[in-house]
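# Analysis of the macromolecular model
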Amino acid sequence: MSEQSTDLRDTVRRRYAAAAVKVAEGSTACCGPEPVEVDENFGSTLYATDERATLPAEAVAASLGCGNPTAVAELREGERVLDLGSGGGIDVLLSARRVGPTGKAYGLDMTEEMLALAVANARKSDATNVEFLKGTIEAIPLPAGTIDVVISNCVINLSVDKPAVFAETFRVLRPGGRIGISDVVADDALTPEQRAERGDHVGCIAGALSFAEYRTGLEAAGFTGIDITPTHPVADGMRSAIIRATKPAASDDSDVPSEARGSDGACCGVNACCTPSETAADPALTVVEAKSASGCGCQS
């Protein structure tokens with residue numbers, strides 16, 4: 001990762017850590033937490049009143065997204081859902097209720113303070129079918145082919161390596177799995193420089209992809225059925241959008257991106273990756289050694 005990319009990631013981490021601390025400290029006051037300051041295009045007001053009313057005040061106060069991905073992901077009973085950049089846990093908790101006790105909702109975040117807040121919110125909600133993971137959305141710490149739905153709320157635009165995010169999302173989805181994402185997207189006519197003029201990276205503006213770039217990125221990762229629907233403006237020529245796509249229902253690993261395979265086509269350098277019968281493609285290595293050597297995000 002370049003020095004500039006590292007600096008951007010650290011800036012994002014600090015901004016969301018500070019937001020989590022503000023909410024957590026506010027929850028100890030007599031009147032409860034104050035929402036993190038955002039304009040009307042972002043935050044908890046994008047959720048229905050009855051949804052907000054069922055959640056801990058801290059989860060609502062920490063909401064910083066540009067949409068409501070749980071409203072468009074069409075979650076079903078028994079599904080396993082992953083929220084990329086789960087923050088204070090609002091979308092994980094809503095997802096957990098939709099998939100029910102036979103399903104599970106995972107939240108992934110790189111910020112310790114947000115993870116602590118999310119765990120506390122899950123405890124207050126008595127949610128037993130949730131799990132929060134520490135990590136980056138460019139290297140998801142879950143096995144391949146184990147998630148039914150991936151959601152995300154205004155986080156992918158913050159990534160410094162969006163192709164990696166798309167590839168990792170594709171990897172963890174089961175064949176036939178789908179994404180339901182809210183994100184900021186720029187008009188195709190806007191250059192990266194023009195996007196940066198409209199807002200900074202940490203404000204979810206400068207790092208946004210254009211509509212065409214988003215579609216191309218998802219296609220390159222292997223997704224089909226891509227639909228990008230704008231919802232409301234967030235800046236001149238930039239909109240919040242709902243992004244839907246599907247991982248093709250394939251019977252083999254031919255749809256796994258090449259960067260996740262070993263030299264002989266084995267996913268992560270392992271045959272039958274993430275199944276009880278997995279073996280290292282190189283007989284001289286253990287499964288763990290093969291995964292580590294390939295840089296595989298699936299370490300279990």
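Residues numbered from 1 in each chain as written. Predicted model: local features only at pLDDT ≥ 70, side-chain atom pairs only at ≥ 80, totals over all residues. Heavy atoms only, no water.

Bringing unusual backbone geometry into the picture now. Even without being glycine, E74 reaches a positive phi, approximately 50°. With respect to the helices and strands, E74 occurs in the loop between α3 (57-61) and β1 (80-84). Notably, C154 is not glycine yet its phi reads approximately 60°, a positive angle. On the basis of relative accessibility, which here comes to 2%, the residue C154 falls in the buried class. (Helix = DSSP H or I, 4+ residues; strand = E, 2+ residues; numbered from the N terminus. Buried < 20%, exposed > 50% of the residue type's maximum accessible area, 1.4 Å probe, protein only.)

Taken as a whole and assessed by the stated rule, the structure comprises 2 aromatic pairs. Centre to centre, the rings of F166 and Y214 are 5.5 Å apart; their planes meet at 50°, and the pair counts as tilted. With a gap of 48 residues between them, F166 in helix α6 (residues 162-172) and Y214 in helix α8 (residues 211-221) connect regions that are remote in the sequence. Each member of the pair, F166 as well as Y214, is classed as buried. When the ring of F170 is compared with that of F223, the centres are 5.1 Å apart and the planes differ by 90°; the resulting orientation is edge-to-face. Highlighted residues: F170 in helix α6 and F223 in the loop between α8 and β7 (224-235), separated in sequence by 53 residues. Assessed through its relative accessible area of 4%, F223 is described here as buried. The ring of F170 is capped by K247, whose NZ or CZ atom sits 4.8 Å from the centre of that ring. (Phe/Tyr/Trp six-rings, centres within 6.5 Å; stacked < 30°, edge-to-face > 60°. Lys NZ or Arg CZ within 6 Å of the ring centre and 35° of its normal.)

Let's shift gears to the pairing of strand β8 (residues 238-246). Bridge analysis of strand β5 (residues 173-186) against β8 gives 9 bridges, and the strand direction is antiparallel. Looking across to β8, one finds that A186 is bridged to M238. Here β7 pairs with β8 via 7 bridges, running antiparallel. For P230, the partnering residue across the bridge sits in β8 and is A241. (Pairing = 2+ DSSP bridges.)

Our focus in this paragraph is the pairing of strand β3 (residues 130-134). Judged from the 5 bridges that link them, strand β2 (residues 104-109) and β3 form a sheet pairing that is parallel. Across the sheet, the residue bridging to L108 is L133, located in β3. Assessed by its sense of winding, the connection that carries the chain from β2 through helix α5 (residues 112-124) to β3 is right-handed. (Right-handed = clockwise from strand over helix to strand, strands pointing away.)

Listing the buried residues of α8 in full gives F211, Y214, G217, L218 and A221. The buried side chains of α8 occupy one side of the element, clustering within an arc of 135° when seen end-on. Downstream of α8 by a residue or two, G222 has a phi angle that is positive, lying close to 115°. (Arc of directions from axis to C-beta.)

Okay, the side chain of S86 next. With respect to the helices and strands, S86 occurs in the loop between β1 and α4 (90-99). Setting aside residues up to four positions removed in sequence, S86 forms contacts with V92, G107, L108, D109 and F132. (Contact = heavy atoms within 4.5 Å.)

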